[in-house]
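# Secondary and tertiary structure notes
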Amino acid sequence: MFALAGTNRHDLSAALTALYKAHEAGRAETVKALELLIETKRDALFRLKKTGDITKNLNLKQRDLINRQAPENCTLERIAAADPGPAASALFALPAHCPAAPVPENRLRPSLALKHMAVLRKNLVSFGVAGMRAREMTGAIKKSITAFEYQYRRTAWRLFPLGFLSRLWRTIRTFFGIPYFSCGDMGPLRTLAVTAGFVLKMAEAPVF
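Only a predicted model underlies this, so the values are computations on that prediction, with no experimental measurement involved.

## Focus on helix H3 (residues 60–67)
Listed in full, the buried residues belonging to H3 are Gln62, Arg63, Ile66 and Asn67. On an axial view of H3, the arc spanned by its buried residues comes to 135 degrees, and they lie on one face. For H3, exposure combined with an orientation more than 90 degrees from the buried face picks out Leu60 and Lys61. Considering only its buried residues, H3 is in contact with helix H2 (50–55), helix H4 (76–81) and helix H7 (186–204). Its side-chain oxygen 3.2 Å from the backbone nitrogen of lysine 61, asparagine 59 forms the N-cap of H3.

## As for the packing of aromatic side chains
Using the criterion set out here, one finds two aromatic pairs in the structure. Ring centres 6.2 Å apart and planes at 35 degrees place the aromatic pair phenylalanine 148 and tyrosine 152 in the tilted group. Placement of the pair is phenylalanine 148 and tyrosine 152 together in helix H5 (residues 110–159), with a separation of four residues, close to one helical turn. Residue classification places phenylalanine 148 among the buried positions, given a relative accessible area of 2%. Seen in terms of ring centroids, tyrosine 180 and phenylalanine 181 are 4.9 Å apart; in terms of plane orientation they differ by 80 degrees. Their pairing is edge-to-face. The exposure class assigned to phenylalanine 181 is buried, which follows from its relative accessible area of 1%. Residue placement shows lysine 50 over the ring face of tyrosine 152; its charged tip is 4.6 Å from the ring centre.

## A closer look at the nonpolar core
Counting 33 residues, the largest nonpolar core has Leu48, Ile54, Phe181 and Leu189 as its most contacted members. Mapped onto this core, the elements with two or more residues apiece are helix H1 (9–48), H4, H5 and H7. If we ignore the near neighbours within four places in the chain, the residues touching isoleucine 54 are Tyr152, Thr155, Ala156, Leu159, Phe160, Phe181, Leu189 and Leu192. Counting seven residues, the second-largest nonpolar core is a separate cluster that includes Leu12, Ala15, Ala113 and Leu120.

## Description of the environment of lysine 201
Structurally, lysine 201 can be placed in helix H7. By relative accessible area, which is 38% here, lysine 201 ends up partly exposed. Other than its neighbours up to four places away in sequence, lysine 201 contacts Pro71, Glu72 and Cys74.

Parameters and conventions
- Residues numbered from 1 in each chain as written.
- Predicted model: local features only at pLDDT ≥ 70, side-chain atom pairs only at ≥ 80, totals over all residues.
- Heavy atoms only, no water.
- Buried < 20%, exposed > 50% of the residue type's maximum accessible area, 1.4 Å probe, protein only.
- Helix = DSSP H or I, 4+ residues; strand = E, 2+ residues; numbered from the N terminus.
- Arc of directions from axis to C-beta.
- Contact = heavy atoms within 4.5 Å.
- Polar contact = N/O pair within 3.5 Å; in protein donor to acceptor, adjacent residues only side chain to side chain.
- Phe/Tyr/Trp six-rings, centres within 6.5 Å; stacked < 30°, edge-to-face > 60°.
- Lys NZ or Arg CZ within 6 Å of the ring centre and 35° of its normal.
- Core = buried A, V, L, I, M, F, W, Y, C linked by side-chain atoms within 4.5 Å.

Dropping the structure here:
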């Protein structure tokens, strides 16, 4: 893309300047994609907190039953403990080494210019891969959030069709030794937990 027309200082200076501008534009675009991914991850983890609002009244046997169906290491306890704060910690680190801005043509050292250009090209490739992966992950997480929100609303409606009155009735039943949730409730609760577990796995996954 930035092939040299010759090896004189003028050609090197022009090629290095063009490559440097492309490098900084690529970095900015990738940072933007990663920042959007961070916000999407945080949003996903924040939304998962709603799972605990429904599942907090499961007894130990019911909780264990649901956890055994959860995606790997995505138990109800993990979902409840998900912290939206450190979502950025798993992100891909952009190349730290960036050659200085091109020097004036009359001070340009051809050997150093060629070395800088090699680094810039390498970084550009890394930016492209990281940016593409970040955008793919952002799209996938957003789709998983949509699926989770749908399942959450469906589960809440099925378990609590009368809202507060349904919750109150379930609470009253517990005073008579009747579990808050029945065996028939396990199906939608298990589906909700599995959906939340997949969101958690995606939100905690690194870019690479």
